[in-house]
Amino acid sequence: MTFDLPTIWAVLICVALLAYVVLDGFDLGVGILFPLGKSRKERDTMMNTVAPVWDGNETWLVLGGGGLFAAFPLAYSVLLTAFYAPLIAMLLALVLRGVAFEFRFRTERWKPYWTVSFIFGSTLAAFSQGVMVGAFVQGVETADRAYAGGWFDWLTPFTLLTGLALTAGYALLGACWIAIKTTGDLHARFLRLRIPLGLLAVALLFAVSLATLFQDVAIGSRWLSIANLVLWIIPALTGAAGIGFLVTAARRMEIAPFLCVLAMFALGFAGLAASLYPNLIPPGISYQDAANHDGSLMFMLWGALVLIPVILGYTAYSYWVFRGKVDPDHGYH
Amino acid sequence: VTGLDSIDRADWPNVPLVFWSFRVMVGLGLLMILYGLCALVLMLRKRLFEARWLQLWAVVMAPAGLIALLAGWFVTEVGRQPYVVYGLMRTEDAVSPIGAPGVAGSLLAFVVVYLFVFGAGIFYMIRLAGRPTAAPPEPTLQEGPIRTAGIMPGPAQGRPAQRGGEAGR
């Protein structure tokens, strides 16, 4: 691997997508777990734990998508065409949950509808993202530098499994987040909920990993080759993070289990990268083949060098401002 | 200036649409400038808040910004046709291999969701506009200065000005 411009951009886009999963995962999870709020006040508190930060978190999706468009136009045109249906479903779901944040606090009569819109949008967005990850791993059919597959190539038992796994993973992140940010009965219930949810998410992650090995001969042989033994450090660390999660969650700690789950997400992402490298349009089209001209990549890199520190800065600042527990009587609205 | 008659008819955009949307955009812009000038004159004559016709005009002008913006968008998007990248790539060559039913389905989904979301949003905005402005909370000395800065007229600024106005009459 040489550090030329396509490699720098491939790393930047991976970082942006991982940042998106790390940051937006827990707030989608809060939406998935929203039915578990027992009263209107509990649901308001749950929503207020993420209300100040959720839209900033989605910046990274824009950076990942926009970066893909400009840096790897071939991948953008092929992948977005291949994932058209789940992609549109995710965008509309994000619309429905995004407006629910604003409108739920503006109305009494329609509050239940916006509550449903929040739950439905968060869950569908999470599930669609999981389906797209699965469809990405199983590969897309191309001919003459364009998508050549069918309408429903993205819909297979494997992609449904990855959809479920990501939804469970986000729900686990959401439960850990609510346990950190709340007090009282809500806090106690979500502290307890983390362990069964964690077991479910770990089981699904395990199932996805196994299915990935048997899904594709190239991926399977890469992982099962003695020469690549060093790759097994990734599943080993994932297992360690899983055990760390169970131990710290059982001791009713607040922040450590959340960090363990985030580590599992990052390691899962690394495992995905190790399975597919150097392909950006699996199978067969590498990120070097899909990259834009060096002139364009250099031009964008200057923009990224200015903008990414700014985004990191305001993201860190907003989390700092809204640190600590959420007061159930004082909303952000 | 290259006239339209020197361009091949196959490379024409929808000319009447571009022609009229450009004029709608510019016309609304001029109307906005005229409105601003009228308001400035009335303010200098200290009759800004009494001029009922200006307020009615403001209500009528409320969607002008949105319409001008959309008309401008029509000018750039329709005016660029039949190219998607001007002079380099025609729109018909840029179409992705997604079948028409797929695009129609997603368009329908967008229309349904946007009608629902924007319908609710416009309803809440109109309701908000119809409510009288809530009285500002009574300032308490313990919480700091009575009036510091802001865009809403607070008690410390509002009352003397009103009294002064009455005294002047």
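Residues numbered from 1 in each chain as written. Chains lettered and ligands numbered in written order. Predicted model: local features only at pLDDT ≥ 70, side-chain atom pairs only at ≥ 80, totals over all residues. Heavy atoms only, no water.

A. Quick peek at the confidence of the model for chain B. Residues and elements named next belong to chain B. Confidence along chain B averages 80 in pLDDT terms, with 79% of residues attaining 70 or more. At the low end of the mean pLDDT range in chain B sits helix H5 (residues 155-168), at 41; at the high end sits helix H1 (residues 15-44), at 93. In the predicted structure, residues 142-169 sits below a pLDDT of 50 and forms 12 contacts with residues beyond four places in sequence or in another chain. Our summary of model confidence lists the complex with pTM equal to 0.83 and ipTM equal to 0.78. (pLDDT = per-residue confidence, 0-100. Helix = DSSP H or I, 4+ residues; strand = E, 2+ residues; numbered from the N terminus. Contact = heavy atoms within 4.5 Å.)

B. Main features of the packing of aromatic side chains. A complete count under the given rule lists 25 aromatic pairs over all chains for this structure. Here Trp110(A) and Phe116(B) contribute two aromatic rings whose centre-to-centre distance is 6.0 Å and whose plane-to-plane angle is 35 degrees, an arrangement assigned as tilted. In this pair, Trp110(A) is assigned in the loop between helix H6 (84-103) and helix H7 (111-138) and Phe116(B) in helix H4 (residues 100-130), connecting two distinct chains. Residue classification places Trp110(A) among the partly exposed positions, given a relative accessible area of 33%. Look at Tyr277(A) and Tyr287(A): their rings are 6.2 Å apart centre to centre, the planes differ by 45 degrees, and that puts the pair in the tilted class. Placement of Tyr277(A) in the loop between helix H12 (255-276) and strand S3 (279-281) and of Tyr287(A) in helix H13 (residues 287-290) is noted, with a sequence separation of 10 residues between them. Grouped by ring-pair contacts, the aromatic residues Phe103(A), Trp110(A), Tyr113(A), Trp114(A), Phe116(B), Phe123(B) and Tyr124(B) constitute a single cluster. Here the basic side chain of Arg104(A) rests over the ring of Phe105(A), its NZ or CZ set 5.8 Å away from the ring centre. (Phe/Tyr/Trp six-rings, centres within 6.5 Å; stacked < 30°, edge-to-face > 60°. Buried < 20%, exposed > 50% of the residue type's maximum accessible area, 1.4 Å probe, protein only. Lys NZ or Arg CZ within 6 Å of the ring centre and 35° of its normal.)

C. Just the pattern of salt bridges, in detail. All names here are of chain A. Counted according to the given criterion, the structure contains nine salt bridges over all chains. Measuring nitrogen to oxygen at the nearest pair gives 3.1 Å for the salt bridge that ties Arg97 to Asp27. Of this pair, Arg97 sits in helix H6 while Asp27 sits in helix H1 (residues 5-32), and the two are 70 residues apart along the sequence. For the pair Arg97 and Asp27, one class covers both residues: buried. One salt bridge in this structure joins Asp185 and Arg189, with 3.4 Å as the shortest N-O distance. A residue pair is termed a helical-turn pair when its members lie 3 or 4 positions apart in one helix, as Asp185 and Arg189 do in helix H9 (residues 184-215) at four residues. The network of salt bridges with common partners includes Asp27, Glu58 and Arg97. (Salt bridge = Lys/Arg side-chain N within 4 Å of Asp/Glu carboxyl O.)

D. Seen up close, the packing of helix H11 (residues 233-250) of chain A against H12(A). All names here are of chain A. In the contact formed by H11 and H12, the axes pass within 8 Å of each other and the chain directions differ by 165 degrees. Relative to H12, the element H11 is oriented roughly antiparallel. The two elements H11 and H12 meet at a crossing, and its hand is left-handed. Of the residues in H12, those in contact with Ile234, Leu237, Thr238, Ala241, Gly242, Gly244, Phe245, Thr248 and Ala249 of H11 are Ala256, Pro257, Cys260, Val261, Ala263, Met264, Leu267, Ala270, Gly271 and Ala274. (Axes fitted to C-alpha atoms, helices over the stretch in contact; angles between N-to-C directions. Parallel < 35°, antiparallel > 145°, perpendicular 65-115°, else oblique. Left-handed = near helix turned anticlockwise from the far one by under 90°.)

E. Geometry of the packing of helix H2 (residues 40-50) of chain A against H9(A). All names here are of chain A. Where H2 meets H9, the closest approach of the two axes is 10 Å, and the angle between their N-to-C directions is 70 degrees. Viewed along their axes, H2 and H9 adopt a mutual orientation that is roughly perpendicular. Once H2 is placed against H9, the crossing between them reads as right-handed. Only Asp185, Leu186, Arg189 and Phe190 of H9 make contact with H2, whose side of the interface consists of Glu42, Thr45 and Met46. Tallied by class, the residues present in the contact of H2 with H9 amount to three nonpolar, one polar and three charged. (Nonpolar A, V, L, I, M, F, W, Y, C, P; charged D, E, K, R; others polar.)

F. How the structure looks around the environment of Arg90(B). All names here are of chain B. Looking at the secondary structure, you find Arg90 in strand S2 (residues 89-90). Assessed through its relative accessible area of 21%, Arg90 is described here as partly exposed. With 79 residues separating them in the primary sequence, Arg90 and Asp11 have C-alpha atoms 9.6 Å apart. If sequence neighbours within four positions are ignored, Arg90 has contacts with Ala10, Asp11, Pro82, Tyr83 and Val84.

G. Region of interest: the nonpolar core. In terms of nonpolar packing, the biggest core is built from 108 residues, with Trp9(A), Phe72(A) and Tyr170(A) touching the most fellow members. The greatest single-element share of this core, amounting to 14 residues, is contributed by helix H8 (residues 157-181) of chain A. Apart from the residues lying within four places of it in its own chain, the contact partners of Tyr170(A) are Tyr20(A), Val21(A), Gly25(A), Phe26(A), Leu28(A), Gly29(A), Ile32(A), Ala126(A), Gln129(A) and Phe265(A). Counting residues in hydrophobic clusters, the runner-up holds nine residues, among them Leu28(B), Leu54(B), Trp57(B) and Ala68(B). (Core = buried A, V, L, I, M, F, W, Y, C linked by side-chain atoms within 4.5 Å.)

H. Fine view of a nonpolar patch on the surface. Residue and element names in this part refer to chain B. Together, Phe22, Val26, Leu30, Ile33, Leu37, Leu40, Met43 and Leu44 make up an exposed nonpolar region whose accessible area comes to about 780 Å². Structurally, Leu44 is set in helix H1. We classify Leu44 as exposed; its relative accessible area is 64%. (Patch = residues over 30% accessible without salt bridge, like charges linked within 9 Å, V, L, I, M, F, W, Y side chains within 5 Å. Areas by Shrake-Rupley, 256 points an atom, 1.4 Å probe, with all protein chains shown as cover.)

I. How the structure looks around the interface of chain A and chain B. At the interface, 15 residues of chain A touch 19 residues of chain B. When chain A packs against chain B, close to 1500 Å² is buried across both sides, 82% of that on carbon and sulfur atoms. Summed over the three residues of chain A that lose the most area to chain B, namely Tyr84(A), Leu92(A) and Trp151(A), the buried surface amounts to 33% of that side. At the surface where chain A touches chain B, the tally comes to zero salt bridges. For the pair chain A and chain B, the interface holds three residue pairs in polar contact (both at pLDDT 80 or more). With seven residues, H6(A) is the single largest residue contributor to the side of chain A that touches chain B. A class-by-class count of the residues in the side of chain A that touches chain B yields 11 nonpolar, two polar and two charged. (Buried area = accessible area lost by both parts, 1.4 Å probe. Polar contact = N/O pair within 3.5 Å; in protein donor to acceptor, adjacent residues only side chain to side chain.)

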